[in-house]
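The chain contents come next:
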Amino acid sequence: VTGTNIAGPFAGCLMAEMGAKVLQAEAPTIACQTRGTLAWSQNHRNEYSITINSASPAGKKIFLKCVEWADIWIEAGRPGSYAKRGLTDEVCWKHNKKLAIVHVSGYGQFGPAKNKPSYDVSGQAMGGYMYMNGVSPTSGPLKVNPYLSDYATAYNACICALSIMTNARITGEGDACLLYTSDA
């Protein structure tokens with residue numbers, strides 16, 4: 001799992017609880033915003049953790065070594081950030097043709113809103129949760145706690161990853177899935 005906040009790491013946590021060996025990789029300059037809180041312990045439980053600078057040649061080499069033994073890669077970075085480093089899906093499949101890849105982003109990997117920052121509250125607003133959760137039909141929208149969009153996205157990422165992995169074991173070829181937290 002590469003990604004710092006809730007959706008990606010919690011998807012890995014769910015798989016770790018099912019018995020998977022999960023490696024959570026964080027960038028050296030971008031720590032998880034929940035680090036130091038109880039949420040970090042919940043969202044990263046049962047995972048191994050490393051720090052990799054995949055933009056450096058040494059970090060890229062370590063990353064690709066991890067890809068070689070992995071069944072699944074859940075990537076929750078900015079759209080295109082790994083491709084800019086030369087770590088495209090195709091490059092990863094050259095190192096592991098059965099790799100299941102799940103890309104998690106706020107507003108998708110393509111299009112005019114792809115670089116727009118996304119948080120759980122924006123996912124709830126865009127997905128309609130806040131509207132449905134109002135106190136009454138005439139009241140304003142009300143956010144659901146804790147982090148509903150992120151956790152729903154994590155469950156979907158887990159399901160997609162396991163589905164791709166199962167298919168890869170049958171066909172011998174990996175695939176990729178795109179998930180958007182703002183459409184959770």
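Since we're looking at a predicted model, the values are computed, not measured.

Quick notes on the overall build of the protein
A tally of regular secondary structure across the protein gives 8 helices and 5 strands. The linear arrangement of helices and strands in the protein, starting from the amino end, is α-β-α-β-α-β-α-α-β-α-α-α-β. Its C-alpha atoms give the protein a radius of gyration of 17 Å, near enough to 16 Å, the size a compact globule of 184 residues would have. By its C-alpha atoms, the protein is 55 × 35 × 35 Å across when sized along the principal axes.

Description of the pairing of strand β1 (residues 23-26)
Side chains Leu-23 and Ala-25 of β1 all project onto a buried face; the interleaved residues Gln-24 and Glu-26 project onto the opposite face, where all are buried too. One ladder, built from 4 bridges, connects β1 with strand β2 (residues 48-51); its direction is parallel. Within β2, the residue paired with Ala-25 across the bridge is Ile-50.

Here we look at the confidence of the model for the protein
On average, residues of the protein score 88 in pLDDT, and 95% of them are at 70 or above. Ranking the helices and strands of the protein by mean pLDDT puts helix α5 (residues 89-95) first, with 97, and helix α2 (residues 38-43) last, with 76.

Points about the environment of Asp-71
Position of Asp-71 relative to the elements: it lies in the loop between α3 (57-69) and β3 (72-75). Expressed as a C-alpha distance, the spacing of Asp-71 and Lys-97, which sit 26 residues apart in the sequence, is 9.7 Å. Every residue in contact with Asp-71, bar those within four places of it in the chain, is listed here: Lys-98, Leu-99, Ala-100, Met-165 and Arg-169.

Concerning the nonpolar core
Counting 24 residues, the largest nonpolar core has Met-15, Ile-72, Ile-74, Val-102 and Val-104 as its most contacted members. Of all the elements in the fold, those that place two or more residues in this core are α1 (7-17), β3, β4 (100-105), α8 (148-171) and β5 (175-180). Setting aside its immediate chain neighbours within four residues, Ile-74 contacts Val-1, Thr-2, Gly-8, Ala-11, Gly-12, Met-15, Val-102 and Val-104. Core analysis: the second largest hydrophobic core is formed by 10 residues, Phe-63, Ala-70, Cys-92 and Leu-99 among them.

The rules behind the values
- Residues numbered from 1 in each chain as written.
- Predicted model: local features only at pLDDT ≥ 70, side-chain atom pairs only at ≥ 80, totals over all residues.
- Heavy atoms only, no water.
- Helix = DSSP H or I, 4+ residues; strand = E, 2+ residues; numbered from the N terminus.
- Rg over C-alpha atoms; globule rule 2.2 N^0.38 Å.
- Buried < 20%, exposed > 50% of the residue type's maximum accessible area, 1.4 Å probe, protein only.
- Pairing = 2+ DSSP bridges.
- pLDDT = per-residue confidence, 0-100.
- Contact = heavy atoms within 4.5 Å.
- Core = buried A, V, L, I, M, F, W, Y, C linked by side-chain atoms within 4.5 Å.

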